[in-house]
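Coordinates in review
Next come the chains, spelled out residue by residue.
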Amino acid sequence: MTDSANPDQYGLIGHPVEHSWSPFIHGMFAKESNQNLVYRLYDFEPPQFRRETLRLFAGGIKGLNITLPHKEAAAELVNVLTPRASRAQAVNTIMFRDDSSLLGDNTDGIGLTRDLAGNLGLELARKRILILGAGGATRGILAPLLERGPTALIIANRTVARAAALVMAFKDMGPISSCGFSDIEGPPYDLIVNATSASLQGQMPELPPGLVSEDTVCYDLAYGRGHTPFTMWAKTLYAGRICKGWGMLVEQAAEAFELWRGVRPNTHTVLEALTRKT
Ligand code: NDP
């Protein structure tokens, strides 16, 4: 129980975090479902992460979302992992439990597949998928994508060893392989997911030709106003459909909100509001 003068506290830890729409999203969820909470942003660099996160929980915060570059460190920090976070070894949601333990969950994968399959109506079975990037977000989305039965899932990353390590961790789940950006081979993919953080730096990795056709869906996990370098790349290659990560952002947030509050928020009104704003 909370009284209105002392709302429950939640927040997002990352570096950087100033681009985040999570306070807006959780604020709308809370308003629409009559939940008394506040949601703040915390910018901590990796050396501060562990100490500051534990300090926030000691100070009474009830739950945290975790964004780049801390998701793997968060998996090491918590006391208990949900099965999907354990599979990913990456955590984007932490809940403070009644017994004072910290539960780590990963809602990125369910957020992406809810957006792809539910909001965008995409069928992923028997499709060829290319993922750019092998960081914390990729760790979270691999299992739910492989569960949908693609013909092939290729992870391409700047640091090839990081992509290869993910293949080792997930190869029991389906046809997964890894390579560097310059070694990606065609024919064009059904779905290309940009899970690098290059868009945040205004960059796009250099990729070989022949990866995109008029049937390719290009999905950037990054979001923001206007085109990202990745969506601009897709546009110049006449990709069939180009999406940014707004839907995933709202869906993964809804999953975290439900874990924390036991209430399933309506994602459609929030997504509409974000689309109007951006
Ligand atoms: P991480 O920091 O864990 O990983 C970053 C990844 O990007 C690594 O694979 C890294 O390669 C690669 N990378 C970074 N800079 C470049 C560059 N200049 N050129 C090529 N590759 C680069 O980040 P996350 O995995 O947590 O997040 C990735 C992206 O996904 C971010 O943009 C984030 O905002 C977005 N995201 C969106 C969500 C949503 O709900 N829409 C949810 C989660 C994430 P290397 O291994 O070589 O360093």
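Residues numbered from 1 in each chain as written. Predicted model: local features only at pLDDT ≥ 70, side-chain atom pairs only at ≥ 80, totals over all residues. Heavy atoms only, no water.

1. As for the layout of surface pockets
Where empty space is left in the structure can be found by rolling a water-sized probe over the atoms. Approximately 1000 Å³ is the volume attributed to the largest pocket. L68, A137, A195, T196 and S197 are the residues nearest the centre of the largest pocket, which is lined by 42 residues in total. Sorting the residues of the lining of the largest pocket by element identifies β3 (63-66), α3 (71-77), α6 (136-146) and α9 (246-261) as the ones contributing at least two each. When residues in the lining of the largest pocket are grouped by element, the largest group, three residues, is from α9. When its residues are assigned to classes, the lining of the largest pocket shows 18 nonpolar, 19 polar and five charged. Two domains each donate at least three residues to the lining of the largest pocket, and these are domain 1 (8-106 + 250-277) and domain 2 (109-244). By volume, the second largest pocket amounts to about 240 Å³. For the second largest pocket, the lining is made up of 15 residues, of which I242, C243, K244, W246 and G247 are closest to its centre. Mapped onto the lining of the second largest pocket, the elements with two or more residues apiece are α5 (108-119), β12 (241-244), α9 and α10 (267-277). The element that contributes the greatest number of residues to the lining of the second largest pocket is β12, accounting for three residues. Grouping the amino acids of the lining of the second largest pocket by side-chain chemistry returns six nonpolar, seven polar and two charged. (1 Å grid on protein atoms, 1.4 Å probe; cavity = no way out; pocket = protein on both sides within 12 Å on 5 of 7 lines; lining within 4 Å. Points joined across faces, edges and corners; volume = space filled by probe spheres on them. Helix = DSSP H or I, 4+ residues; strand = E, 2+ residues; numbered from the N terminus. Nonpolar A, V, L, I, M, F, W, Y, C, P; charged D, E, K, R; others polar. Domains from an automatic or database assignment.)

2. What to know about α6
Most of α6 is tucked away, with 11 of its 11 residues classed as buried. Among all positions in α6, only G136, A137, T138, R139, G140, I141, L142, A143, P144, L145 and L146 are buried. (Buried < 20%, exposed > 50% of the residue type's maximum accessible area, 1.4 Å probe, protein only.)

3. So, the environment of K171
With respect to the helices, strands and loops of the structure, K171 is situated in the loop between α7 (160-170) and β9 (176-179). Between the alpha carbons of K171 and E72 there is a distance of 19 Å; along the sequence they are 99 residues apart.

4. Let's talk about the environment of H15
With respect to the secondary-structure elements, H15 resides in the loop between β1 (8-14) and α1 (22-32). Linking H15 and G111, residues 96 residues apart in sequence, is a C-alpha distance of 21 Å. Once residues lying within four places of it in the same chain are set aside, the contact partners of H15 are D43, F44, E45, L68, P69 and H70. (Contact = heavy atoms within 4.5 Å.)

5. Describing the nonpolar core
Of all hydrophobic cores here, the largest spans 29 residues; its most connected members are L116, I131, L153, I155 and Y219. When residues of this core are traced back to their parent elements, those giving at least two are α5, β7 (128-132), α6, β8 (152-156), α7, β10 (191-194) and β11 (217-220). Discounting chain neighbours no more than four positions away, the residues touching L116 are G121, L122, L124, L145, L191 and Y219. The next biggest cluster of nonpolar side chains, apart from the first, holds 24 residues, and it includes M28, A253, A254 and W260. (Core = buried A, V, L, I, M, F, W, Y, C linked by side-chain atoms within 4.5 Å.)

6. Section: the domain arrangement of the protein chain
Annotation of the protein chain at the domain level lists domain 1 (8-106 + 250-277) and domain 2 (109-244). If you average the C-alpha positions of domain 1 and of domain 2, the two centres end up 24 Å apart. Contact residues are listed per partner, giving 18 residues for domain 1 and 21 residues for domain 2. Between domain 1 and domain 2, a total of about 1500 Å² is buried, with carbon and sulfur atoms accounting for 52% of that surface. On the domain 1 side of the contact with domain 2, E72, R87 and E251 bury the most area, a combined 37% of that side's loss. With a shortest N-O distance of 2.7 Å, R87 and D172 are connected by a salt bridge. Where domain 1 meets domain 2, there are six residue pairs in polar contact (both at pLDDT 80 or more). (Buried area = accessible area lost by both parts, 1.4 Å probe. Salt bridge = Lys/Arg side-chain N within 4 Å of Asp/Glu carboxyl O. Polar contact = N/O pair within 3.5 Å; in protein donor to acceptor, adjacent residues only side chain to side chain.)

7. Section: the state of the cysteines
Inspection of every chain in the model, using the stated rule, returns zero disulfides. Considering cysteine sulfurs only, C243 is the nearest to C218, which forms no disulfide, with 8.9 Å between them. When its relative accessible area of 0% is taken as the criterion, C218 is described as buried. Given the relative accessible area of 11%, C243 is considered buried. (Disulfide = S-S within 2.5 Å.)

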